[in-house]
Amino acid sequence: MTETSGVMVLDPAFPTPRDGSAPEPHCQGPPRPLKSALLDAVPGVVHGITGRVPGLGAADGNVAYSAPRDRQDAWLMRQRWCAALGLDAARLAVLGQIHGAAVRKVGADDAGSGARPATDPAGYGDALISDEPGVVLMTLHADCLPLLLVDPDRPAVAAVHAGWRGTVADIAGATVAGMRRAFGSDPARLLGYIGPTIGPDCYEVGPEVAEAWLAVAPDGQASLRDTGSRPSFDLRRANRHLLAAAGLEPARIEVSSICTRHDGDAWFSHRGQGPATGRFGAIIALADRDGD
Ligand SMILES: [Zn+2]
């Protein structure tokens, strides 16, 4: 503070301290994961996308363990987010994500793999598929696109992490093919939800990304936009394109319009907040059947 004419004024270099003891209003009660109306209508499937909640835990509700993050806090957050969905975080299956197109099938025996800090992941890859209750699938995101899939007939579910590398490797199509092989899923019956991701206005990429995209989707020009110096890449549109190419009905794909970078208060954004920011989780599970 500085003194001027006997009046104490706050030095603008020292912002008014916040009352750290006062709980933020949104910290009262459980956090609320985002849901897809399309998937929410499927009986026996539980899903949600966790977010960024300022003041929630030590890192705004982050659920990732990798350094420099506080693992115990992230484990607590996993439990809180899962509890908000009626799920048990100890039954999570989480992959070591590698920006590829590998699809991992998991079952109840894999529950807990990568769930708690310092446990081995449920393998390495960027898509999880399962037709068993008792395991909770989760992928981690900060701008990279979360995709959840449901086969309402088997039933079976999938959680997918698709940044530009996974997108140009067609992990969406690989996941549909994986569900077809493992569960006999009919692509035309699958339901898809593309959740919050970095929007096209915020996602300039290098020319090599545009080239790689057109190599996998020669008719996918609409997912690229020329912004002058560098192309921008529309991950949502690209993955919807890949899902349609894999046989999904366009009417059975819901696409969130949330841009994680624009809405950085509510979402972790690698581009907006830097690599040390947190991660949000895309979670899906089959509910335990009555009587089990
Ligand atoms: Zn944006």
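Residues numbered from 1 in each chain as written. Predicted model: local features only at pLDDT ≥ 70, side-chain atom pairs only at ≥ 80, totals over all residues.

### Considerations on the pairing of strand E3 (residues 45-49)
Here is step 1 of the chain: E3 sits mainly inside the fold: 5 of its 5 residues count as buried.
Here is step 2 of the chain: Neither face of E3 is exposed, since Val45, His47 and Ile49 on one face and Val46 and Gly48 on the opposite face are all buried.
Here is step 3 of the chain: As paired strands, E3 and strand E14 (residues 280-286) are joined by 5 bridges and run antiparallel to one another. By the bridge assignment for E14, Val45 is matched with Leu286. (Buried ≥ 20, exposed ≤ 12 C-beta atoms within 10 Å, placed from the backbone. Helix = DSSP H or I, 4+ residues; strand = E, 2+ residues; numbered from the N terminus. Pairing = 2+ DSSP bridges.)

### Thoughts on the sheet that holds strand E6 (residues 127-130)
Here is step 1 of the chain: Strand order in this open sheet of 6 strands is E5-E6-E9-E8-E10-E13, and the pairing throughout is mixed. Sheet topology places strand E5 (103-105) and strand E13 (253-255) at the edges, where each strand pairs with a single neighbour. If you compare each strand with its neighbour and ignore which way they point, the axes differ by 15° on average.
Here is step 2 of the chain: Judged from the 7 bridges that link them, strand E8 (residues 145-151) and strand E9 (residues 156-162) form a sheet pairing that is antiparallel. By the bridge assignment, Pro146 is partnered in E9 with His161. (Axes fitted to C-alpha atoms, helices over the stretch in contact; angles between N-to-C directions.)

### Structural notes on the confidence of the model for the protein
Here is step 1 of the chain: Averaged over every residue, the pLDDT of the protein is 90; the share at 70 or more is 89%.
Here is step 2 of the chain: Here residues 1-27 is modelled with pLDDT under 50, and outside its nearest four sequence neighbours on either side it reaches 15 contacts, counting other chains as well. (pLDDT = per-residue confidence, 0-100. Contact = placed C-beta atoms within 7 Å.)

### A short note on the sheet that holds E3
Here is step 1 of the chain: On the basis of which strands lie adjacent, the open sheet formed by 4 strands has the order E3-E14-E7-E4 and mixed pairing. The open sheet is flanked by E3 and strand E4 (92-94), the only strands paired with a single partner. Within the sheet, the average angular offset between the axes of one strand and its neighbour, ignoring direction, is 20°.
Here is step 2 of the chain: Pairing of E4 with strand E7 (residues 136-141), which is carried by 3 bridges, proceeds in the parallel orientation. Counterpart to Ala93 in the pairing with E7 is Leu137.

### Examining the environment of Leu87
Here is step 1 of the chain: Topologically, Leu87 is positioned in the loop between helix H2 (71-84) and E4.
Here is step 2 of the chain: Overall, the presence of 23 C-beta atoms within 10 Å leaves Leu87 in the buried class.
Here is step 3 of the chain: When sequence neighbours within four positions are dropped, the list of residues in contact with Leu87 reads Val46, Cys82, Val136 and Ala285.

### Focus: the nonpolar core
Here is step 1 of the chain: Ala93, Leu128, Val136, Leu137, Val157 and Ala158 are the most contacted members of the largest nonpolar core, which totals 80 residues.
Here is step 2 of the chain: Once residues lying within four places of it in the same chain are set aside, the contact partners of Leu137 are Ala93, Leu128, Ser130, Val157, Ala159, Ile283, Ile284 and Ala285. (Core = buried A, V, L, I, M, F, W, Y, C linked by C-beta atoms within 7 Å.)

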